[in-house]
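These are the residues of each chain, in order.
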Amino acid sequence: MGPGILIPAIERLGRSEVVEISARSSDLEWGRRRPEYSIFWWPGRRLVGAVRAVLAALSVPDPGVVVDAVDGRGFEKIRSYTSGKLIVDPFSGGGTIPLEASRMGYKAIGLDSNPYAVSVSKASSTLLDGRCRGKAVCLLKAAQGAWRKVSSLWCGDWFCIIHILLARCPPCEAPAWVSRWRDGSYLVLDEGGLKTVSGIRVSPTKPRVSLPEGLPEEAPGYVAYAAEVLTPRGRRWVYLGDGELGGMVAKYLRSTLPAARSLTEALSGFPVPPGKETSKLLASGISDFKYLYTPRQLATISAFLGEAAQADCSLEAACIAGSSSRAASLLAMYYQPARRVNLAFVLKTYWLPKNPVELNPLANTCMPETPRIHCKPVGRGGIWGLITRYIRGCGESGSSPEFRVWDSHRGLPEGIRPYAVVTDPPYPGMQSYGQLSLVYSLPHVLSGLPAPHSWNEIDSMSRSYVEDLSRSLSASGSRVESGGYMVLLLSSGTNRGATIIARLVYSLVNDSLNLVTILPFAGESPGRLGRSLNKVVYVVVFKRGTPYSRNPLEPLEWTAEVAEAAGYGPKEASVSREIASILASKLEDLLETSS
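First, a word on what this report is: a plain description of the structure on this page. Please read these numbers as outputs of a predicted model, since none were measured by experiment. (Residues numbered from 1 in each chain as written. Predicted model: local features only at pLDDT ≥ 70, side-chain atom pairs only at ≥ 80, totals over all residues. Heavy atoms only, no water.)

### Focus: the overall build of the protein chain
Applied cut-off: To qualify as a helix, a DSSP run of H or I must reach at least 4 residues; to qualify as a strand, a run of E must reach at least 2; elements of each kind are numbered from the N terminus. In this description the radius of gyration comes from C-alpha coordinates, and the expected globular size is given by 2.2 Å times residues to the power 0.38. For every residue, the accessible area obtained with a 1.4 Å probe (protein chains only) is divided by the maximum for its type, and the residue is called buried under 20%, exposed over 50%, and partly exposed between those limits. Contact criterion: two residues are considered in contact whenever any of their non-hydrogen atoms come within 4.5 Å of each other. The method behind every accessible area is Shrake-Rupley, applied with a 1.4 Å probe, and residues are considered shielded solely by the protein chains displayed. Residues counted as positive are Lys and Arg, residues counted as negative are Asp and Glu, and His and the chain ends are not counted. The location of each charge is read from NZ of Lys, CZ of Arg, CG of Asp or CD of Glu.
Within the protein chain, the secondary structure is distributed over 19 helices and 19 strands. Here the C-alpha atoms of the protein chain give a radius of gyration of 25 Å, agreeing with the 25 Å that 2.2 N^0.38 yields for 595 residues. With the principal axes as the frame, the protein chain shows a C-alpha extent of 85 × 50 × 40 Å. Buried residues in the protein chain amount to 61% of all 595 residues. Restricting to contacts in the protein chain with at least 6 residues of sequence separation, those with at least 24 account for 74%. Element-wise, carbon and sulfur atoms account for 50% of the exposed surface of the protein chain, whose accessible area totals about 23,000 Å². Averaged over its 66 positive side-chain charges, the protein chain has a centre that lies 4 Å from the centre of its 54 negative ones.

### Some thoughts on the packing of helix H8 (residues 132–150) against helix H13 (residues 383–393)
Any two packed helices are characterised by the angle at which their axes cross and by the distance between the axes. Keep this limit in mind: A fitted line through C-alpha atoms represents every axis, and for helices the fit uses only the stretch in contact; the resulting angles, taken between N-to-C directions, go from 0 to 180 degrees. When an angle is under 35 degrees it counts as roughly parallel; over 145 it counts as roughly antiparallel; between 65 and 115 it counts as roughly perpendicular; any other value is oblique. By the definition used in this description, the sense in which the near helix is turned from the far one sets the handedness, with an anticlockwise turn below a right angle giving left-handed and a clockwise turn giving right-handed. Three categories are distinguished: nonpolar for Ala, Val, Leu, Ile, Met, Phe, Trp, Tyr, Cys and Pro, charged for Asp, Glu, Lys and Arg, and polar for the others, with Gly belonging to the last.
Contact pair H8 / H13: the axes reach a minimum separation of 10 Å and the direction vectors enclose 155 degrees. As judged from the angle between their axes, H8 and H13 are roughly antiparallel. Crossing of H8 against H13: the hand is left-handed. Residues Cys-132, Lys-135, Ala-136, Leu-139, Leu-140 and Ala-143 of H8 lie in contact with H13, whose contacting residues are Trp-384, Ile-387, Tyr-390 and Ile-391. Each residue belonging to the contact of H8 with H13 can be placed in one class, and the counts come to nine nonpolar, no polar and one charged.

### Observations regarding the nonpolar core
Under the convention used in this document: The criterion is simple. A nonpolar core is a set of buried Ala, Val, Leu, Ile, Met, Phe, Trp, Tyr and Cys residues joined through side-chain atoms within 4.5 Å.
Leu-58, Val-249, Phe-304, Val-422 and Phe-521 are the most contacted members of the largest nonpolar core, which has 194 residues in total. Looking at this core element by element, the count peaks at 10 residues for H8. Dropping the residues within four chain positions of it, Leu-58 is found in contact with Pro-8, Ile-10, Ile-87, Tyr-106, Tyr-419, Ala-420, Val-422, Tyr-485 and Val-487. In terms of nonpolar packing, the next biggest core, distinct from the first, is built from six residues, Tyr-37, Leu-99, Val-118 and Phe-403 among them.

### As for the state of the cysteines
As a reminder of what qualifies: Pairs of cysteine sulfur atoms within 2.5 Å are identified as disulfides in what follows.
On inspection of all chains with the given rule, the structure shows five disulfides. Each sulfur of the disulfide joining Cys-138 and Cys-313 lies 2.0 Å from the other. On the S-S bond that ties Cys-138 to Cys-313, the torsion sits near -70 degrees, and the link is left-handed. Linking Cys-138 in helix H8 with Cys-313 in the loop between helix H11 (295–309) and helix H12 (314–324), this pair joins segments that are 175 residues apart in sequence. Residue Cys-313 is classed as buried on the basis of its relative accessible area of 0%. Each disulfide pairs two cysteine sulfurs, and for Cys-155 the partner residue is Cys-160, the sulfurs being separated by 2.0 Å. Disulfide Cys-155-Cys-160: torsion about the S-S bond near 115 degrees, hence right-handed. Among the cysteines of the protein chain that take part in disulfides, numbered as they appear in the sequence, the pairing is 1-10, 2-7, 3-4, 5-6, 8-9. Cys-313 supplies the cysteine sulfur nearest to Cys-319, a cysteine that is in no disulfide, at a spacing of 11 Å.

### A few points about the side chain of Asp-468
Definition in use: Within 3.5 Å is the distance limit for a polar contact, defined as a pair of N or O atoms, with the added protein rule that one can donate a hydrogen and the other accept it, and that residues adjacent in sequence qualify only through two side-chain atoms.
By the element assignment, Asp-468 lies in helix H16 (residues 465–477). What makes Asp-468 buried here is its relative accessible area of 19%. Reaching out from Asp-468, the side chain makes a polar contact with the side chain of Arg-471 at a distance of 3.4 Å.

Here is the structure:
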């Protein structure tokens, strides 16, 4: 290293900085995400703090500045080092890496073979460059126009529906628990009605009660048994089998369902393709994604997308509608003791609960009137709630990254020579995010946007996973400029996965690409947002040039401290430590054998 050359901090981060970065990353997103990463859902997002630290450390020599970057501080100083440098992510997914790189002053390009990933990334990028102001107005008007068309499907003479609790028939059973009051007591189904009880232990599934015949059907194979409604006196739960308000709501549901069906019968659908993840839908009788919604929900979503398609926010509307499918479809269930919709897609699978909840996608505090910007959403995760969050999350930080649909098996597009390739590629044994992303397919169809059924992607379950991914990454890494970097964010929850990662890393080491270091960072939230047993991500750094001299595997010994600092539980920390130990051992053996 010549005199006067500043070494980027990525080659010199010490134990204390790595542990502090993980602690701050975890605190930054404990159980929540930034608007641009939560409004438009994408599976497998990393903690933004870890991504910021990596991106800052690639250019900034001062580790202290890198640590502060986790909290979004010091970006002006960072931009003096990043200006003019190009970051490329060949597996950009939901776009976190390019978006954060752009924030820091890098030029950034995100590539992905999945068109729905590119749609989500483009929609997210509007929150950063000022376009969100015009898009927010467009989305608001689309929701208002849709409500005028479908409000009669949700509002009767003096009530409007927020939630409808459903039961799959047969067996036509439901959990006894309906809701929880602020004093700790519970509203339960009892002998054909609702009553408040206290001093009991609750479960979201037990005990179960058999439902009587004659309840209104809301979707093929599903009956409605209870509803939360908004009345002039406030929110109220009703049982649809009684003779009072619940009976009125039941009668209303029966009388308006034909209108909802007539609005949806002619709509184009999107057949559910066979696959590991989608097999759960096919086994449950869902042959088309339009049957993932009740007729009321589909009519509402279609009306919203139709209004948006006439303006300049069809892509953002399609992504909002797709994201809302976690809560406003038959994938969602109402977790009664917690009084909230439990988003089934948090589990990263197409799981149809026996007792889903039908959420009104446009439910708000101003019903039955046309919603205005001050109207608060009621219900969690619906279209109106996502629009209000989009409005609140609108900002302006300068330029936004470029996103392209591109098959990364082919390396990088011609003419692109980045300072660094930074990517979170498919890791071994993970679920098919491509199949999960098909929740965006039907909204794309209804918006008149391209909606492909398949594309070329790395199969993380394939025996050729290492060879396929290594070939792709080698082609990308060969385009990095001299003295630049390739950084991989890798993880696995199994010993076999750790061995596969070791093979992948070893396959990428060559005469021009040197292994610099492997840093353990907190990769997922310690709260409910993170579902993996091993929540640590291993940041593998390569350099096209001679790296700063140190043992690249030494930082893996810091994994236990990283897990503790991030607030992970003892079992999670133990798994992370074991995976790191296996990764270090296997990689050390491979490197010694080659030398």
